[in-house]
Amino acid sequence: MKALTLEHLNKTYKGGVVALRDVNLTVEEGDFFGLLGPNGAGKSTMIGIISSLVTKTAGRVVVFDHDLDRHTWEAKASLGLVPQEFNFNNFETVEQIVLNQAGYYGIRRRLARQRAERYLRELGLWEKRRAVSRTLSGGMKRRLMIARALVHEPRLLILDEPTAGVDIELRRSMWEFLRRINQEYGVTIILTTHYLEEAESLCRNIAIIDEGRIIENTDTQSLLTRLSTHDFVLDLKHPLEQLPAKLTFNVRQLSPRQLEVEIHKHQTLTALFSELAQAGIEVSSMKNKSNRLEELFLRLLQGDRDGSSAVA
Amino acid sequence: MYWQRTLVALGTIARKEAQRYLRIWVQTLLPPAITMALYFVIFGNLIGPRIGPMDGYTYIDFIVPGIIMMAVITNSYSNVVSSFFGAKFQRHVEEILVSPTPNAVILLGYISGGVSRGLLTGFIVTLVSMAFTRIEIHSIPITVSVVFLTSVLFSLGGFINAVFARKFDDISIVPVFILTPLTYLGGVFYSISLLPDFWRMASMANPVLYMVNAFRYGILGASDINIWVAYGLVLMFISILAAFSMYLLNRGVGIRG
Ligand SMILES: Nc1ncnc2c1ncn2[C@@H]1O[C@H](COP(=O)(O)OP(=O)(O)OP(=O)(O)O)[C@@H](O)[C@H]1O
Ligand SMILES: [Mg+2]
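Residues numbered from 1 in each chain as written. Chains lettered and ligands numbered in written order. Predicted model: local features only at pLDDT ≥ 70, side-chain atom pairs only at ≥ 80, totals over all residues. Heavy atoms only, no water.

(A) Spotlight on the site of ligand 1. Residue and element names in this part refer to chain A. Lining the immediate environment of ligand 1, one finds 14 residues, of which Asn39, Gly40, Lys43, Ser44 and Thr45 sit closest. Tyr13 places a side-chain nitrogen or oxygen 3.4 Å from a nitrogen atom of ligand 1. Here an oxygen atom of ligand 1 and a side-chain polar atom of Asn39 are 2.7 Å apart. For ligand 1, the protein covers 65% of the area, taking 630 Å² as the surface of the free molecule. For the shell around ligand 1, the leading source of residues is helix α1 (residues 43–50), giving three residues. Each residue belonging to the shell around ligand 1 can be placed in one class, and the counts come to five nonpolar, seven polar and two charged. (Near = heavy atom within 4 Å. Polar contact = N/O pair within 3.5 Å; in protein donor to acceptor, adjacent residues only side chain to side chain. Areas by Shrake-Rupley, 256 points an atom, 1.4 Å probe, with all protein chains shown as cover. Helix = DSSP H or I, 4+ residues; strand = E, 2+ residues; numbered from the N terminus. Nonpolar A, V, L, I, M, F, W, Y, C, P; charged D, E, K, R; others polar.)

Below, the structure is given as structure tokens:
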């Protein structure tokens with residue numbers, strides 16, 4: 001079954017910013033799905049529409065076969081949201097926040113108390129249950145948002161940059177936790193992140209969104225393979241009749257004076273040049289042939305620097 | 001099943017709202033008790049005897065219903081406007097918006113918060129007034145229904161104000177420039193029969209006048225106006241404001257991007 005289907009989703013904000021352009025996406029039940037994209041790409045807008053915090057301009061959202069507009073209760077009850085920014089009532093306690101959230105989903109107090117205790121304990125917040133949310137540290141607030149999103153036991157959990165501003169140790173324990181609820185409880189997870197390492201270690205499938213468009217939707221392995229290679233175009237000093245057969249590099253001849261080479265991360269340019277020199281090929285100049293995906297990742301990585309050094 | 005869940009959601013919002021004003025009782029419940037006690041001391045005990053009877057009642061007996069009503073109106077309104085605006089401002093309204101709680105239940109929940117605070121304040125002010133005079137209630141059903149409907153009406157007003165408010169100033173403009181004048185000129189301190197013709201006619205356009213008078217009728221058995229007209233007006237205003245509030249919620253005005 002599909003946990004989430006988005007059809008022709010469009011969003012234009014008041015003032016004219018086009019945040020989503022014809023987004024189509026499906027996420028399978030049980031998947032751990034990463035949504036990547038630079039700042040302002042439209043990730044939070046997409047999540048906002050799925051979770052009813054943003055009104056869509058056009059399109060359809062289906063959560064576990066429930067159309068969000070027609071079977072609103074079922075669709076919303078199957079979904080849990082961890083938003084990008086803290087949105088607690090500053091004066092409520094940790095326990096009140098989780099209990100109230102359960103109440104909004106129609107869960108009676110007695111059951112809500114059991115669930116609240118369970119998830120607060122799992123996230124290491126039980127000792128803090130009487131603390132007012134305003135007094136929590138950033139990391140505790142992030143964990144509280146996760147407990148709050150799980151109290152109605154949704155089948156689909158969406159997290160918008162859950163580990164932003166969280167230290168390495170806590171980040172790893174959050175990863176552990178998310179992996180566990182995905183594997184043991186079968187909760188489908190969609191998360192956005194600016195940390196490639198996070199997407200790499202958690203997500204089975206990844207979509208990349210840029211300027212409101214999904215420009216890539218594939219499994220993590222093939223994405224990483226594509227990202228770990230660089231394409232270069234070499235200009236040759238002398239025209240070349242025939243490419244030598246015994247090259248270890250993946251070389252393509254574009255024209256008599258131009259070659260294209262694919263270099264993996266573990267290979268070096270020095271090795272390439274010595275191999276070409278041995279074959280009697282002289283290179284006069286070279287340029288990096290960048291594709292859109294690489295450009296995008298460069299920007300993603302740049303964004304990463306403000307946060308931490310967690311780069312794959 | 002659906003109704004059960006909806007009721008739990010409604011109960012959750014109502015409880016949370018009550019917890020909010022009880023937690024900050026020094027800002028919510030204490031001030032009306034003090035202000036209204038001052039009104040009773042100054043206008044009732046000190047100046048009242050010099051004013052003499054109003055509509056055949058001692059002055060303090062005449063103003064007690066109006067002052068209770070004034071407390072109910074301001075507190076119902078300000079509870080919903082501050083609470084809902086606060087929820088928007090701190091963004092925790094999103095907790096409810098992501099949940100399956102239907103819009104009508106969100107509205108009812110916030111209104112119930114305004115009504116419970118309005119009625120609680122009215123009750124406190126009534127207790128305070130008993131230190132100054134003896135009240136006998138002419139008609140309990142009329143008194144209770146009028147105060148309840150008035151509280152609902154002004155809670156709805158506070159809700160709409162909060163939906164449109166973008167900054168803190170916006171939640172005090174209506175109370176200061178509209179609500180307070182309407183209440184003071186709504187026959188709380190005087191009978192409109194004292195007014196010259198023109199001002200008496202003008203007062204008839206003030207909806208608060210009808211509510212204050214209907215409430216006074218419930219307590220004293222005397223009113224400047226026909227109380228059935230008051231019921232009709234209040235019910236009409238409630239329907240209009242409730243429909244408008246639902247329209248705003250369904251459109252997501254001020255709360256959904
Ligand atoms: N409430 C709003 N009103 C107008 N424009 C908005 C609003 N929210 C977002 N936008 C615009 O929509 C675009 C997408 O923003 P969005 O928050 O969805 O990006 P994002 O991918 O989540 O970025 P980030 O990684 O920085 O969180 C941006 O151009 C942003 O300025
Ligand atoms: Mg975002």
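(B) Representation of the side chain of Lys76 of chain A within the structure. Here Lys76 of chain A lies in helix α2 (residues 72–77). A polar side-chain atom of Lys76 of chain A sits 3.0 Å from the main-chain carbonyl oxygen of Leu97 of chain B.

(C) Fine view of the sheet that holds strand β5 (residues 66–67) of chain A. Residue and element names in this part refer to chain A. With respect to topology, four strands assemble into an open sheet ordered β2-β1-β4-β5, the strand pairing being antiparallel. Two strands lie at the open edges of the sheet, namely β2 (18–28) and β5, each paired on one side alone. Where strand β4 (residues 58–63) and β5 come together, two bridges link them in antiparallel fashion. Bridge pairing links Val63 to His66 in β5. (Pairing = 2+ DSSP bridges.)

(D) Structural context of the pairing of strand β3 (residues 32–36) of chain A. Residues and elements named next belong to chain A. The element β3 is largely enclosed, with a buried count of five among its five residues. The two faces of β3 match: Phe32, Gly34 and Leu36 on one face and Phe33 and Leu35 on the other face are all buried. By the bridge criterion, four bridges tie β3 to strand β8 (residues 188–192) in an arrangement that is parallel. What sits directly across from Leu35, in β8, is Thr192. Across four bridges, β3 lies against strand β9 (residues 205–210) in parallel orientation. Bridge assignment links Leu36 to a residue of β9, and that residue is Ile208. (Buried < 20%, exposed > 50% of the residue type's maximum accessible area, 1.4 Å probe, protein only.)

(E) Inspection of the packing of helix α6 (residues 103–129) of chain B against helix α11 (residues 227–251) of chain B at higher detail. Residues and elements named next belong to chain B. Following both chains from N to C, one finds α6 and α11 inclined at 125 degrees, their axes separated by 10 Å at the closest point. As judged from the angle between their axes, α6 and α11 are oblique. Every pair of crossing elements has a handedness; the one defined by α6 and α11 is right-handed. Here Asn103, Ala104 and Leu107 of α6 lie close against α11, whose contacting residues are Ala242, Ser245, Met246, Leu249 and Asn250. Across the contact of α6 with α11, the residue classes break down as five nonpolar, three polar and no charged. (Axes fitted to C-alpha atoms, helices over the stretch in contact; angles between N-to-C directions. Parallel < 35°, antiparallel > 145°, perpendicular 65-115°, else oblique. Left-handed = near helix turned anticlockwise from the far one by under 90°. Contact = heavy atoms within 4.5 Å.)

(F) How the structure looks around the coordination of the magnesium ion (ligand 2). Residue and element names in this part refer to chain A. Looking at the magnesium ion (ligand 2), one finds its protein donor set to be Ser44 (OG) and Gln84 (OE1), positioned 1.9 to 2.2 Å from the metal centre. With Ser44 in helix α1 and Gln84 in the loop between β6 (79–82) and α3 (94–104), this pair connects stretches of sequence that are 40 residues apart. Overall, Gln84 belongs to the partly exposed group, its relative accessible area being 28%. (Donors = N, O, S within 2.8 Å, 3.2 Å for Na, K, Ca; no water.)

(G) Summary view of the interface of chain B and chain A. Residue-level contacts link 28 residues of chain B with 30 residues of chain A. When the two sides are added together, the surface that chain B and chain A hide from each other amounts to roughly 2,800 Å², 52% of it contributed by carbon and sulfur. In terms of surface lost to chain A, no three residues of chain B exceed Glu95, Val98 and Pro100 of chain B, which account for 25% of the buried area on that side. Applying the counting rule to chain B against chain A returns two salt bridges. Where Arg148 of chain A meets Glu95 of chain B, a salt bridge forms, and the shortest distance between an N and an O atom there is 2.7 Å. The interface formed by chain B and chain A contains twelve residue pairs in polar contact (both at pLDDT 80 or more). (Buried area = accessible area lost by both parts, 1.4 Å probe. Salt bridge = Lys/Arg side-chain N within 4 Å of Asp/Glu carboxyl O.)

(H) Focus on the domain arrangement of chain A. All names here are of chain A. We note that the domain assignment places domain 1 (2–224) and domain 2 (226–292) within chain A. A C-alpha centroid distance of 44 Å is found between domain 1 and domain 2. Between domain 1 and domain 2, the residue contacts involve six residues of the former and four residues of the latter. Counting the surface lost from both domain 1 and domain 2, the interface buries some 490 Å², and carbon and sulfur atoms represent 40% of this. On the domain 1 side of the interface with domain 2, the three residues burying the most area are Ile215, Leu223 and Leu224, jointly 59% of the side's total. Linking domain 1 with domain 2 are zero salt bridges. Run the count over domain 1 and domain 2 and you get zero residue pairs in polar contact (both at pLDDT 80 or more). (Domains from an automatic or database assignment.)

(I) Geometry of helix α4 (residues 59–89) of chain B. All names here are of chain B. In this model, α4 (31 residues) spans 44 Å end to end at C-alpha, consistent with the 45 Å of a helix rising 1.5 Å per residue. With 26 of its 31 residues buried, α4 lies for the most part within the structure. In the stretch just after α4, Arg91 is the one whose phi turns positive, near 70 degrees. (Expected span 1.5 Å × (residues − 1).)

(J) How the structure looks around the sheet that holds strand β11 (residues 229–236) of chain A. Residue and element names in this part refer to chain A. The antiparallel open sheet is built from four strands, whose spatial order is β12-β13-β11-β14. Each having just a single partner strand, β12 (250–255) and β14 (283–289) make up the two edges of the open sheet. Adjacent strand axes in the sheet meet at a mean angle of 25 degrees when their direction is disregarded. Of the pairings in the sheet, the one linking β11 to strand β13 (residues 258–264) comprises seven bridges and is antiparallel in character. Across the sheet, residue Thr229 finds its bridge partner in β13, namely His264. Sheet strands in contact with helix α9 (residues 269–278) are β11, β13 and β14, and its direction is about 140 degrees off that of β14.

(K) Geometry of the confidence of the model for chain A. In this model, chain A carries a mean pLDDT of 90, and residues with pLDDT of at least 70 account for 93%. Within the model, pLDDT remains below 50 along residues 304–312 of chain A, and this stretch shows 17 contacts once partners closer than five positions in the same chain are excluded. (pLDDT = per-residue confidence, 0-100.)

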